[in-house]
Amino acid sequence: MAELQEVQITEEKPLLPGQTPEAAKEAELAARILLDQGQTHSVETPYGSVTFTVYGTPKPKRPAILTYHDVGLNYKSCFQPLFQFGDMQEIIQNFVRVHVDAPGMEEGAPVFPLGYQYPSLDQLADMIPCILQYLNFSTVIGVGVGAGAYILSRYALNHPDTVEGLVLINIDPNAKGWMDWAAHKLTGLTSSVSEMILGHLFSQEELSRNSELIQKYRNIITHAPNLENIELYWNSYNNRRDLNFERGGDITLKCPVMLVVGDQAPHEDAVVECNSKLDPTQTSFLKMADSGGQPQLTQPGKLTEAFKYFLQGMGYMASSCMTRLSRSRTASLTSAASIDGNRSRSRTLSQSSESGTLPSGPPGHTMEVSC
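Residues numbered from 1 in each chain as written. Predicted model: local features only at pLDDT ≥ 70, side-chain atom pairs only at ≥ 80, totals over all residues. Heavy atoms only, no water.

Caption draft 1: Highlighting the overall build of the chain. Summing up its helical and strand segments, the chain has 14 helices and ten strands in all. Among the 371 residues that make up the chain, the fraction classed as buried is 48%. Intrachain contacts of the chain at a sequence separation of at least 6 include 71% that bridge at least 24 residues. Here the chain displays about 18,600 Å² of accessible surface, and carbon together with sulfur accounts for 52% of that area. (Helix = DSSP H or I, 4+ residues; strand = E, 2+ residues; numbered from the N terminus. Buried < 20%, exposed > 50% of the residue type's maximum accessible area, 1.4 Å probe, protein only. Contact = heavy atoms within 4.5 Å. Areas by Shrake-Rupley, 256 points an atom, 1.4 Å probe, with all protein chains shown as cover.)

Quick look at the structure:
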């Protein structure tokens, strides 16, 4: 008879004393639901309290995705359509997410007292290290829109070692000039704060069409219970300092950057100028047709595809499958790129608005893609 061997079985997830297997399964399910819904935290900083919501669990040797929203929005109204998009699920399964709400912008936020000194955009950027310290996160990939894109850029300039990459939508790195100030003051005489913010978020063509999306966000901003807080954030944005980007200079973003703007969006010229000031070996420029002022709201599918290529270019998600549409256009795009190889450093690959194929640029080139 073969000699019996003693085998020691160790329970991978031992039950708590008195806990039944059914109760353990219910507790695990509740924990998963909590992670799916996000865990909201607040942390005190030298410039006041800041609220953020964490989804998922940290992945070994992977940065967190940290988002920062634009004026008039919070993290849900700014990013939910993008991060709830079907194809985005492949990405968010691989990264923990941190969605930051600017002070006073979170749901249910009380109105700040009269005379409250709202932080500057530079000070909002200085709050981010407190968030990362609280979570014990060492590096992030930032995704910012408008004012949020400026804040993440300022943070990356101050803490380059903690930022692995940036996706900057509608960034305006310049301070307002005298002509901008005059135009802003004149507009303020005839327009409400909510209408000025809508003009910042969306193109005039979009506002004139008054689509269902515009009606939704006009209602959100106009009837916001924290509209006074939103105005303070708006004032801080309009008082921003110049980021002073300089191609080849000391003040520049050291990490890979993807600049995104909609065709005919309010900030198109500013993003084009920003592209001209950044390191072309680190920067890709995505101009999205038919996306209006908020590509993450109107074209989440195309932006998801672009984000996936961006992450792959950074060495993450190498095994991710391309969509059928991407595969069908890869050959033609590669051919176009090779034919165009002798042109200037900043190149344009034009595609129809239906395509949505967003190739990653070759090293050493800034790529402008109209999709």
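Caption draft 2: Region of interest: unusual backbone geometry. Backbone geometry places Lys61, a non-glycine residue, at a positive phi of 60°. Examined against the element boundaries, Lys61 turns out to sit in the loop between strand S2 (48-55) and strand S3 (64-68). Assessed through its relative accessible area of 84%, Lys61 is described here as exposed.

Caption draft 3: Structural context of empty space enclosed by the protein. One pass over the structure, following the stated rule, counts one cavity of 30 Å³ or more. Roughly 50 Å³ of volume is contained in the largest cavity. Lining the largest cavity, in full, are Leu82, Met88, Val143, Val167, Ile169, Leu303 and Phe307. Of all the secondary-structure elements, those providing two or more residues to the lining of the largest cavity are strand S6 (163-169) and helix H13 (300-313). Looking at the lining of the largest cavity residue by residue, the classes come out as seven nonpolar, no polar and no charged. (1 Å grid on protein atoms, 1.4 Å probe; cavity = no way out; pocket = protein on both sides within 12 Å on 5 of 7 lines; lining within 4 Å. Points joined across faces, edges and corners; volume = space filled by probe spheres on them. Nonpolar A, V, L, I, M, F, W, Y, C, P; charged D, E, K, R; others polar.)

Caption draft 4: Structural context of the nonpolar core. The biggest cluster of nonpolar side chains holds 89 residues, and the ones touching the most others in it are Tyr68, Val98, Leu166, Tyr233, Leu259 and Phe307. Here this core gets eight residues from one element, more than from any other, and that element is helix H4 (residues 121-135). Contacts of Leu259, omitting those with residues within four sequence positions, involve Leu168, Ile171, Val271, Cys274, Asn275, Leu278, Thr283, Ser284, Phe285 and Leu286. (Core = buried A, V, L, I, M, F, W, Y, C linked by side-chain atoms within 4.5 Å.)

Caption draft 5: The packing of helix H7 (residues 193-201) against helix H10 (residues 227-238), seen in detail. One way to put it is that H7 packs onto H10 with a least axis distance of 11 Å and a crossing angle of 50°. Considering the angle they form, H7 stands oblique to H10. Of the two elements, H7 crosses H10, and the hand of that crossing is left-handed. Contacts between H7 and H10 involve Val193, Met196, Ile197 and His200 from the former and Ile230, Glu231, Trp234 and Tyr237 from the latter. Residues that form the contact of H7 with H10 fall into these classes: six nonpolar, one polar and one charged. (Axes fitted to C-alpha atoms, helices over the stretch in contact; angles between N-to-C directions. Parallel < 35°, antiparallel > 145°, perpendicular 65-115°, else oblique. Left-handed = near helix turned anticlockwise from the far one by under 90°.)

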